[in-house]
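Residue strings, one per chain:
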Amino acid sequence: MTDIDINHTGKKAAMKVEIDLNKCSGHARCFMVDPELFDLDESGYALHAQVDIPDGDESKAREAVAACPERAISLS
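Structural notes, computed from the coordinates.

Rules of the game
- Residues numbered from 1 in each chain as written.
- Predicted model: local features only at pLDDT ≥ 70, side-chain atom pairs only at ≥ 80, totals over all residues.
- Heavy atoms only, no water.
- Pairing = 2+ DSSP bridges.
- Helix = DSSP H or I, 4+ residues; strand = E, 2+ residues; numbered from the N terminus.
- Axes fitted to C-alpha atoms, helices over the stretch in contact; angles between N-to-C directions.
- Contact = heavy atoms within 4.5 Å.
- Buried < 20%, exposed > 50% of the residue type's maximum accessible area, 1.4 Å probe, protein only.
- Arc of directions from axis to C-beta.
- Salt bridge = Lys/Arg side-chain N within 4 Å of Asp/Glu carboxyl O.
- Lys, Arg positive; Asp, Glu negative; His and termini not counted.
- Polar contact = N/O pair within 3.5 Å; in protein donor to acceptor, adjacent residues only side chain to side chain.
- Core = buried A, V, L, I, M, F, W, Y, C linked by side-chain atoms within 4.5 Å.

### Things to note about the sheet that holds strand E3 (residues 73-75)
Ordered by their spatial adjacency, three strands build an open sheet running E2-E1-E3, and the pairing between neighbours is antiparallel. Of all the strands in the sheet, the pair left with one neighbour each is strand E2 (50-54) and E3. Across the sheet, the mean angle separating the axes of adjacent strands is 30° when strand polarity is ignored. Here strand E1 (residues 13-19) runs beside E2; their pairing, made up of five bridges, is antiparallel. Its bridge partner lying in E2, Glu 18 is registered against Gln 50. With respect to the sheet, helix H2 (residues 58-67) is in contact with E1, E2 and E3, its orientation differing from that of E3 by roughly 140°.

### Topic: H2
Residues Glu 58, Ala 61 and Ala 64 constitute the buried set of H2. Buried residues of H2, seen end-on, are gathered within an arc of 120° and therefore sit on one face of the element. Of the surrounding elements, those touching the buried residues of H2 are E1, helix H1 (29-33), E2 and E3.

### Some remarks on the pattern of salt bridges
Oppositely charged side chains are able to pair whenever their charged atoms sit close together. Inspection of every chain in the model, using the stated rule, returns one salt bridge. Its salt-bridge partner being Lys 16, residue Asp 52 comes within 2.7 Å of it at the nearest N-O pair. Highlighted residues: Asp 52 in strand E2 and Lys 16 in strand E1, separated in sequence by 36 residues. When its relative accessible area of 26% is taken as the criterion, Lys 16 is described as partly exposed.

### A look at the side chain of Asp 34
Here Asp 34 is to be found in the loop between H1 and E2. Buried charged residue Asp 34 carries no salt bridge. Nearest counter-charge: Lys 60, at 5.6 Å. Here the side chain of Asp 34 touches Glu 36 through a polar contact of 3.0 Å, landing on its backbone nitrogen.

### Side note on the nonpolar core
Core analysis: the biggest nonpolar cluster contains 18 residues, and Val 17, Ile 19, Cys 30, Phe 38, Val 51, Ile 53 and Ile 73 have the highest contact counts within it. If you list the elements that add at least two residues to this core, you get E1, H1, E2 and H2. Discounting chain neighbours no more than four positions away, the residues touching Val 51 are Met 15, Lys 16, Val 17, Ile 19, Leu 37 and Phe 38.

Spelled out as structure tokens, the structure:
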């Protein structure tokens, strides 16, 4: 996997999370796992279909996948 500098902060993306926006039902459990990784609208729905996960936050991404009751989140 190629490292990508995200947000020009010097942090590298270790993986990506894919969110099926059609399956997202606004439970906001991904946000409860890590509010810095997931951007939600005021109703709790994911705003982005892809999220770059910085190196070191892989376990939080896996927790978010497991926490989603709609199975709308996957790793890539």
